[in-house]
Amino acid sequence: MSSTPVIIPIETPTLGDRSYLAHDGAVAVVIDPQRDIDRVLTLADEAGVRIIHVFETHIHNDYVTGGLALAQATGAAYHVNAADDVSFERTPIHDGDVVEASATMRLRAIATPGHTYTHLSFALEAAEAPGSDFEAVGVFTGGSLLFGATGRPDLLGHEHTHDLVHHQFASAQRLAQELPEQAHVLPTHGFGSFCSAGSTGDTTASTIGAEKRQNPALTQDEERWVADTLAGLDAYPAYYAHMGPANSAGPGAPDLAPPESADKDTLAARIADGEWVVDLRTRTAFAAGHVTGTLNFGLDGQFATYLGWLIPWGTPLTLLGDSPEQVAEAQRELVRIGIDDLEGAATGGPEEWTDGTLGHFERAVFADLAQVRHHRRVSVLDVRRASEYDGGHIEGAVNIPLHELLSRVSEVPSGEVWVHCAGGYRASIAASVLASHHVPVVAVDDSYDESAASSGLPLAAAAA
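Each value, and the rule that gives it
- Residues numbered from 1 in each chain as written.
- Predicted model: local features only at pLDDT ≥ 70, side-chain atom pairs only at ≥ 80, totals over all residues.
- Heavy atoms only, no water.
- Helix = DSSP H or I, 4+ residues; strand = E, 2+ residues; numbered from the N terminus.
- Rg over C-alpha atoms; globule rule 2.2 N^0.38 Å.
- Buried < 20%, exposed > 50% of the residue type's maximum accessible area, 1.4 Å probe, protein only.
- Contact = heavy atoms within 4.5 Å.
- Areas by Shrake-Rupley, 256 points an atom, 1.4 Å probe, with all protein chains shown as cover.
- Lys, Arg positive; Asp, Glu negative; His and termini not counted.
- Charge placed at Lys NZ, Arg CZ, Asp CG, Glu CD.
- Polar contact = N/O pair within 3.5 Å; in protein donor to acceptor, adjacent residues only side chain to side chain.
- Pairing = 2+ DSSP bridges.
- Right-handed = clockwise from strand over helix to strand, strands pointing away.
- Core = buried A, V, L, I, M, F, W, Y, C linked by side-chain atoms within 4.5 Å.
- Salt bridge = Lys/Arg side-chain N within 4 Å of Asp/Glu carboxyl O.
- Axes fitted to C-alpha atoms, helices over the stretch in contact; angles between N-to-C directions.
- Phe/Tyr/Trp six-rings, centres within 6.5 Å; stacked < 30°, edge-to-face > 60°.
- Lys NZ or Arg CZ within 6 Å of the ring centre and 35° of its normal.

Chemist: Teacher, can you tell me more about the overall build of the chain here?
Modeler: From N to C terminus, the chain includes 15 helices and 24 strands. For 464 residues, the compact-globule formula gives about 23 Å, and the C-alpha radius of gyration of the chain, at 24 Å, lands near that figure. For the chain, the C-alpha atoms occupy an extent of roughly 80 × 55 × 35 Å along the three principal directions. When burial is assessed residue by residue, the chain has 56% of its 464 residues classed as buried. Long-range pairs, those at least 24 residues apart, make up 69% of the contacts in the chain between residues at least 6 apart in sequence. Working note: accessible area of the chain is about 18300 Å², and carbon and sulfur atoms make up 49% of it. Both charge centroids of the chain, one from 26 positive and one from 63 negative side chains, sit 3 Å from each other.

Chemist: Hey, could you run me through the environment of Thr 65 in this one?
Modeler: With respect to the helices and strands, the residue Thr 65 is situated in the loop between β4 (50-55) and α2 (67-74). Sequence-distant contacts of Thr 65, that is, excluding residues within four places in its chain, are made with Pro 33, Gln 34, Arg 35, Glu 56, His 60, Tyr 78, Asn 247 and Pro 251. Of note is the side chain of Thr 65, whose polar atom sits 2.4 Å from the side chain of Glu 56. Polar side-chain contacts of Thr 65 include one of 2.8 Å to the backbone nitrogen of Gly 67.

Chemist: It is not clear to me how the sheet that holds strand β23 (residues 441-444) should be interpreted in this structure. Could you clarify?
Modeler: As a general point, the strands of a sheet are linked pairwise by backbone hydrogen bonds and lie either parallel or antiparallel. Spatially, 5 strands are ordered β18-β23-β22-β19-β21 in an open sheet, and the strand pairing comes out parallel. Since the sheet does not close on itself, it has two edges, and those belong to β18 (362-364) and β21 (398-399), each with one partner.

Chemist: Please clarify how α2 should be interpreted in this entry.
Modeler: Note that an α-helix has 3.6 residues per turn; residues three or four places apart therefore point the same way. Of all the positions in α2, only Gly 67, Leu 68, Ala 69, Leu 70 and Ala 71 are classed as buried. In this structure, the buried residues of α2 make contact with β3 (27-31), α1 (38-47), β4 and β5 (77-81). Among the residues trailing α2, Gly 75 stands out with phi positive, at a value near 80°.

Chemist: In this structure, what is going on with the pairing of strand β17 (residues 344-347)? I would like to understand it.
Modeler: Side-chain positions along a regular strand alternate between the two faces of the sheet. With 4 bridges joining them, strand β16 (residues 317-321) and β17 adopt parallel strand pairing. By the bridge assignment, Leu 320 is partnered in β17 with Ala 346. Once you follow β16 into helix α11 (residues 324-335) and on to β17, the crossover reads as right-handed.

Chemist: When you look at the nonpolar core in this model, what are you seeing that I'm missing?
Modeler: One recurring pattern in soluble globular proteins: nonpolar side chains tend to sit buried together. In terms of nonpolar packing, the biggest core is built from 54 residues, with Phe 297, Phe 303, Leu 307, Leu 317 and Leu 319 touching the most fellow members. For this core, the element with the most residues is helix α14 (residues 425-436), which contributes 7 residues. Every residue in contact with Leu 307, bar those within four places of it in the chain, is listed here: Trp 276, Val 278, Phe 297, Leu 317, Leu 334 and Ile 339. The next biggest cluster of nonpolar side chains, apart from the first, holds 38 residues, and it includes Val 27, Val 29, Phe 147 and Phe 191.

Chemist: Is there a simple way to explain the pattern of salt bridges in this structure?
Modeler: Counted by the stated rule, this structure contains 28 salt bridges. When the shortest N-O distance is used, the salt bridge between Asp 154 and Arg 152 registers 2.7 Å. Summarising the burial analysis for this pair, Asp 154 and Arg 152 share the class buried. Between Arg 376 and Glu 416 there is a salt bridge, and its shortest N-O distance comes to 3.0 Å. Here the residue Arg 376 occupies a position in the loop between α12 (366-372) and β19 (379-382), and Glu 416 occupies one in the loop between β21 and β22 (417-420), the gap between them amounting to 40 residues. Taking the relative accessible area as the measure of exposure, Glu 416 reaches 23% and is therefore partly exposed. Look at the salt bridges and you will find they share partners, linking Asp 95, Glu 100, Arg 106, Arg 108, Glu 125, Arg 174 and Glu 178 into a network.

Chemist: Help me understand the pairing of strand β8 (residues 105-111) in this model?
Modeler: Counted residue by residue, β8 has 5 buried out of 7 residues, so it is predominantly covered. Where strand β7 (residues 98-102) and β8 come together, 4 bridges link them in antiparallel fashion. The residue bridging Ser 102 from the neighbouring strand is Met 105, located in β8. Counting the residues in the hairpin turn of β7 and β8 gives 2 residues. With 7 bridges joining them, β8 and strand β9 (residues 120-127) adopt antiparallel strand pairing. By the bridge assignment for β9, Ala 109 is matched with Phe 122.

Chemist: What am I meant to see in the sheet that holds β9 here?
Modeler: In spatial order, the strands read β7-β8-β9-β10-β12; together these 5 strands make up an open sheet with mixed pairing. Of all strands in the sheet, those with a lone pairing partner are β7 and β12 (184-187), marking the two edges. Going from strand to strand, the sheet's axes swing by 25° on average, the running direction of each strand aside. On top of the sheet, helix α3 (residues 158-178) reaches β8, β9 and β10 (134-142); it is set at about 145° to β8, its chief contact.

Chemist: What should I look at first to understand the packing of aromatic side chains in this one?
Modeler: We describe a pair of aromatic rings using the distance from one ring centre to the other and the angle between the two ring planes. Under the defined criterion, the tally for this structure stands at 13 aromatic pairs. A ring pair is formed by Phe 147 and Phe 191, whose centres lie 5.7 Å apart and whose planes are at 90°; its orientation type is edge-to-face. Taken together, the positions of Phe 147 in the loop between β10 and β11 (150-151) and Phe 191 in the loop between β12 and β13 (196-197) put the pair 44 residues apart, joining distant regions of the chain. For the pair formed by Phe 147 and Phe 191, the shared burial category is buried. Considering the side-chain rings of Tyr 239 and Tyr 240, the 5.2 Å spacing of their centres and the 80° angle between planes classify their relative orientation as edge-to-face. Looking at Tyr 239, the relative accessible area reads 1%, which means it is buried. Following the ring pairs from residue to residue traces out a cluster consisting of Phe 194, Tyr 306, Trp 309 and Tyr 425. In this structure, Arg 106 is placed above the aromatic ring of Phe 134, and the distance from its NZ or CZ to the ring centre is 4.1 Å.

Shape descriptors only; they carry no functional weight alone.
This is the structure:
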């Protein structure tokens, strides 16, 4: 057995999260597992270790947990804060509790409210040999201390934000004071997750000492940090409202069996009935030819985040993909946010999905937009979030954030519309929405930061 625990991050990049498996060569603990627990079981099997403890740092807001299902599948103890109101059997854990995983590896619970009231962090403590002193080698911080940021304090509702933001500051301070500088910081959020308050940049690893030097929660006074944090809070996905209740109820393992096959007539009927038929292909492929009325959420971006954000919860959903493997990947992404039931799927290409004329629209770059504005009148639709738009935008552009577009289609200017975001992914989703509403649209597939100004487009400066 290893005297220093092996820590394996389990990345879920489309949700911006990490889960962790830590082991000593014989037994393992898992922190904040995602719904698709087969990934965790495979890692444990490859390492030749037995999972004996599963921990939740908090009742998650951005995904459906696999914690209960993993504990049931392995016989592990499932540690959830004793103060959390849940409807399943768990091993209640409190601030200060120590869970002995082996003679050389243990976890200590540290109350770190802020992201939620009952949030816990878990210090991973190791001993060189049985009977030796334990030392903290890392801390699983969930949605508390992130890389250069913290978890956001507003997900439980506006009425709790003031109290939680102050709790979050105190929790960051507590971790910095109680843990050694060399201890690794191991957050669940902060890799693109909307659970992050503030930017975590491209950092992939950090320590308590590094956070003391760079994290505003540890370098600023409380009043300034609170003001900056509250000012920086932005919209978050609508599906978050469904995650807490699902996690408190104790979600079971997902069913990843392939969905039923849908033929051309079935797809046409579903589109006509207002159901969602989603094309998983790249935005390039979708623009070149697609079934009219379908929507494009490519698997090459934050697929589950944006589909979950836009879809009216409970809307019947059918998937279209290049291959069964692409559909299976999308299905895996969707069960992570609690979309378990698919009406069906079809694979191949759009010619196999309809007998009708294929829809298509043009793709362009910002330099094309600059040129076309000299020759004819076109409207510019900016589907970035309001905070992004306020940070600078094309003069005359109409801002309808992507997550508001379905309810505000009537506000889209008439005539030819050129739609853009920051990099092209959201613009393609928006273009597919507009095309399904018969709006003549061009999707700008380009980097706003790198190309908008250099293309000669007139830009409005950031709002004061």
